[in-house]
Structures are given as structure tokens and as C-alpha cells.
Amino acid sequence: PEGAAPPEDAPAEEAAPPVDPETVSFQDHVLPIFEQHCAECHGPEDPEEQLEVTNYRTLMMGSQNGPVIEPGNPEESYLVEMVVEGKMPKEGEPLSQREIDTIIAWIEAGAPDN
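Quick caveat, the model's predicted, so the values are computed rather than measured.

**So, the environment of Val 30**
Okay, so step 1: Residue position: Val 30 is located in helix 1 (residues 26-37).
Okay, so step 2: The class of Val 30 is buried, set by a relative accessible area of 0%.
Okay, so step 3: Taking the C-alpha atoms as reference points, Val 30 and Val 53, 23 residues apart in sequence, are found 10.0 Å from one another.

So, in C-alpha cells, the structure goes:
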């Protein structure tokens, strides 16, 4: 019927506007995702692969294998590949599409420290 509410199980994210690279912020948008999903293994205490994602400087330094963020180029950013393919986080819930889109938009914006 016209004007009917979406089914209970419909993902709410479909209605969300796309993430704007002009307004996405490391501190306000990206860091909370990393703190929630990644800090357990990639936090300041003995980070796996020497990748510490809860600090802008250490995140941009990358891991023992090299950079994980290519500013302006999400397609070449290893971190994006890992979350899109669901390989990270290894434990816990995978990132939502909105969280992935937020990280991609921030990298597209040049991965600024903002």
C-alpha cells in the first residue's frame, strides 16, 4: 500500500545520503570506527603487524609491511581492501557498508588529519 512503512528487516542505511568527502573527518568519523572495530588488535598496546590505527600518525606510517592508506586512492589502500573483503576485523562484526563508505570517502579526500 502507498505510504506503507518499510519492512522491519529493511536496512536503514539505504536511506542515508552518501558520505561526503568534503565533510568527512578523521577525528569525528573515521577514528570512532577504528576504535570500535580495530583497536582491540591494532591499538597502542602491542599492535598486530605493528599497525596502530587509533592515532593518525601511526596509522599513516602503516604496518611492518608498509602503508595501508594511499591518500586520495582508496582502490590502492590495503586497509580498504581488507575491510571490503571482510578479512578485517578478524574477530567481531564486519564493518557496515556505511562505515566502509566513510573510510573510503576520507581516503578519497586525501586522508586528512582533521
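What follows picks up the thread again.
**So, the nonpolar core**
Okay, so step 1: Judged by nonpolar contacts, the single largest core of 23 residues is most densely connected at Phe 34, Leu 59, Ile 69, Ile 103 and Trp 106.
Okay, so step 2: Of all elements in the fold, only helix 1, helix 4 (78-84) and helix 5 (97-108) reach the threshold of two or more residues within this core.
Okay, so step 3: The residues touching Ile 103, leaving out its near neighbours within four places in the chain, are Val 30, Ile 33, Phe 34, Leu 79, Val 80 and Leu 95.

**Considerations on the packing of aromatic side chains**
Okay, so step 1: One pass over the full model with this rule turns up three aromatic pairs.
Okay, so step 2: With centroids separated by 5.4 Å and ring planes inclined at 75°, the aromatic side chains of Phe 26 and Tyr 56 adopt a geometry described as edge-to-face. Of this pair, Phe 26 sits in helix 1 while Tyr 56 sits in helix 3 (residues 56-61), and the two are 30 residues apart along the sequence.
Okay, so step 3: Summarising the aromatic geometry, the rings of Tyr 56 and Trp 106 are spaced 6.3 Å apart at their centres and angled 85° between planes, so their arrangement reads as edge-to-face. Of this pair, Tyr 56 sits in helix 3 while Trp 106 is found in helix 5, placing the two residues 50 residues apart along the sequence.

**Observations concerning helix 5**
Okay, so step 1: Here helix 5 contains 12 residues, and its C-alpha end-to-end distance of 16 Å stays within 8% of the 16 Å for a straight helix at 1.5 Å per residue.
Okay, so step 2: Looking at helix 5, one finds that the buried residues are Glu 99, Ile 100, Thr 102, Ile 103, Ala 105, Trp 106 and Ile 107.
Okay, so step 3: Packed against the buried residues of helix 5 are helix 1, helix 3 and helix 4.
Okay, so step 4: Positioned one or two residues after helix 5, Gly 110 has a phi angle of 100°, which is positive.

**Structural notes on the side chain of Glu 99**
Okay, so step 1: With respect to the helices and strands, Glu 99 occurs in helix 5.
Okay, so step 2: Buried charge without a salt bridge: Glu 99, with Arg 98 as the nearest opposite-charge side chain at an N-O distance of 9.6 Å.
Okay, so step 3: The residues touching Glu 99, leaving out its near neighbours within four places in the chain, are Ile 33, Gln 36 and His 37.

**Looking at helix 1**
Okay, so step 1: Residues of helix 1 that are buried include every one of Phe 26, Val 30, Leu 31, Ile 33, Phe 34 and His 37, and no others. The arc that holds every buried residue of helix 1, seen down its axis, measures 150°, which confines them to one face. Pointing more than 90 degrees away from the buried face of helix 1 are the exposed residues Asp 28 and Gln 36.
Okay, so step 2: Considering only its buried residues, helix 1 is in contact with helix 2 (39-42), helix 3, helix 4 and helix 5.
Okay, so step 3: The backbone nitrogen of Gln 27 lies 3.3 Å from a side-chain oxygen of the residue at the head of helix 1, namely Ser 25.

Basis of the calculations
Residues numbered from 1 in each chain as written. Predicted model: local features only at pLDDT ≥ 70, side-chain atom pairs only at ≥ 80, totals over all residues. Heavy atoms only, no water. Helix = DSSP H or I, 4+ residues; strand = E, 2+ residues; numbered from the N terminus. Buried < 20%, exposed > 50% of the residue type's maximum accessible area, 1.4 Å probe, protein only. Core = buried A, V, L, I, M, F, W, Y, C linked by side-chain atoms within 4.5 Å. Contact = heavy atoms within 4.5 Å. Phe/Tyr/Trp six-rings, centres within 6.5 Å; stacked < 30°, edge-to-face > 60°. Expected span 1.5 Å × (residues − 1). Lys, Arg positive; Asp, Glu negative; His and termini not counted. Salt bridge = Lys/Arg side-chain N within 4 Å of Asp/Glu carboxyl O. Arc of directions from axis to C-beta. Polar contact = N/O pair within 3.5 Å; in protein donor to acceptor, adjacent residues only side chain to side chain.

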